[in-house]
Amino acid sequence: MSVAQNPLSIKVDLPREDAVLLTIEGELDIDTATELQHHLANQLSHGRRHFLLDVSAVPFMDSSGMNIILRTYQEVREIPGGVYVIAPTPAVRRILDLTGVSLTVATVDSVDEALASVDSGRLPSRPDEPSAEA
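A quick note: this is a predicted structure, and the numbers were derived from the prediction, not measured.

What counts as what
Residues numbered from 1 in each chain as written. Predicted model: local features only at pLDDT ≥ 70, side-chain atom pairs only at ≥ 80, totals over all residues. Heavy atoms only, no water. Helix = DSSP H or I, 4+ residues; strand = E, 2+ residues; numbered from the N terminus. Contact = heavy atoms within 4.5 Å. Axes fitted to C-alpha atoms, helices over the stretch in contact; angles between N-to-C directions. Parallel < 35°, antiparallel > 145°, perpendicular 65-115°, else oblique. Left-handed = near helix turned anticlockwise from the far one by under 90°. Nonpolar A, V, L, I, M, F, W, Y, C, P; charged D, E, K, R; others polar. pLDDT = per-residue confidence, 0-100. Buried < 20%, exposed > 50% of the residue type's maximum accessible area, 1.4 Å probe, protein only. Pairing = 2+ DSSP bridges. Right-handed = clockwise from strand over helix to strand, strands pointing away. Core = buried A, V, L, I, M, F, W, Y, C linked by side-chain atoms within 4.5 Å.

Engineer: How should I be thinking about the side chain of histidine 50 in this particular structure?
Structural biologist: By secondary structure assignment, the location of histidine 50 is in strand 3 (residues 50–57). Non-local contacts of histidine 50, meaning those with residues more than four positions away in its chain, are made with Asp18, Ala19, Val20, Gly81, Gly82, Tyr84 and Val118.

Engineer: Got a minute to help me understand the packing of helix 1 (residues 33–45) against helix 2 (residues 63–77) in this structure?
Structural biologist: How two helices sit against one another is set out by the angle between their axes and by the gap between those axes. Direction vectors running N to C along helix 1 and helix 2 enclose 15°, while the axes themselves pass 9 Å from each other. By the angle class used here, helix 1 and helix 2 are roughly parallel. For the pair helix 1 and helix 2, the crossing hand works out as right-handed. Packed against helix 1, whose contacting residues are Ala33, Thr34, Leu36, Gln37, Leu40 and Leu44, the element helix 2 presents Ser64, Gly65, Ile68, Arg71, Thr72, Glu75 and Val76 at the interface. Looking at the contact of helix 1 with helix 2 residue by residue, the classes come out as six nonpolar, five polar and two charged.

Engineer: Mind showing me how you'd approach the confidence of the model for the protein chain here?
Structural biologist: In regions of low pLDDT, the predicted coordinates are not meant to be interpreted in detail. A residue-level look at the protein chain finds 85% of positions with pLDDT of 70 or above and a mean pLDDT of 86. Segment residues 125–134 is flagged for pLDDT under 50; beyond a separation of four residues in sequence, or across chains, it makes six contacts in the model.

Engineer: I'm lost on the pairing of strand 3 in this one. Help?
Structural biologist: The side chains of a regular strand alternate, residue by residue, between the two faces of the sheet. Among the eight residues in strand 3, six count as buried, and that is most of the element. In this structure, strand 3 lies alongside strand 4 (residues 82–86), joined through five bridges in parallel fashion. The residue of strand 4 that forms the bridge with histidine 50 is glycine 82.

Engineer: Where do I start with the pairing of strand 2 (residues 19–25) in this structure?
Structural biologist: When you tally the buried positions in strand 2, you get six out of seven residues, the bulk of the element. Sheet analysis places strand 1 (residues 9–16) next to strand 2, joined by six bridges and oriented antiparallel. Looking at strand 2, one finds that valine 12 is bridged to leucine 22. Read as a crossover between parallel neighbours, the route from strand 2 over helix 1 to strand 3 is right-handed.

Engineer: Explanation requested: unusual backbone geometry in the structure shown.
Structural biologist: What is expected of a backbone is that most residues other than glycine have negative phi and most peptide bonds are trans. Residues isoleucine 79 and proline 80 are joined by a peptide bond in cis, for which omega reads -5°. Checked against the element boundaries, proline 80 lands in the loop between helix 2 and strand 4. The phi dihedral of alanine 87 falls on the positive side, at around 50°, and the residue is not glycine. Under the relative-accessibility criterion, alanine 87 is labelled partly exposed at 25%.

Engineer: Can you help me understand the nonpolar core in this one?
Structural biologist: Proteins that are soluble and globular tend to have nonpolar side chains buried together. Ranked by size, the top nonpolar core spans 26 residues in total, and within it Leu22, Ile24, Leu36, Leu53, Met61 and Val83 carry the most contacts. At five residues, the largest contribution of residues to this core is made by helix 2. Of all hydrophobic cores here, the second largest spans 10 residues; its members include Leu21, Leu52, Tyr84 and Val118.

Right, dumping it as structure tokens:
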């Protein structure tokens, strides 16, 4: 259970007052997921409503990481807010798709796409829901 074998790096940026961009590098698993959880809880306590999770440098994620993303999504839905998983690697996308998380949590290709959704004032739509635009 050595965290040194699976170091996780999390860079925190604030592109908007109510949004936080967490750039995550390294394996997101049972040994490292607590660090992400602490960052998310800290930002939530500071009033952030939109969580942009850049996982483009995460080669592996297990159920621990997935559960933290889902818990954050459930918490910010009540605010209301959003969670955006940005540019998942093929391995991370696969676990999100196989577990159905990608049907609940928005998966986008870039930070700009996530910020555009935040700026539009619309919550991310799920792929199985019809668009609210009329």
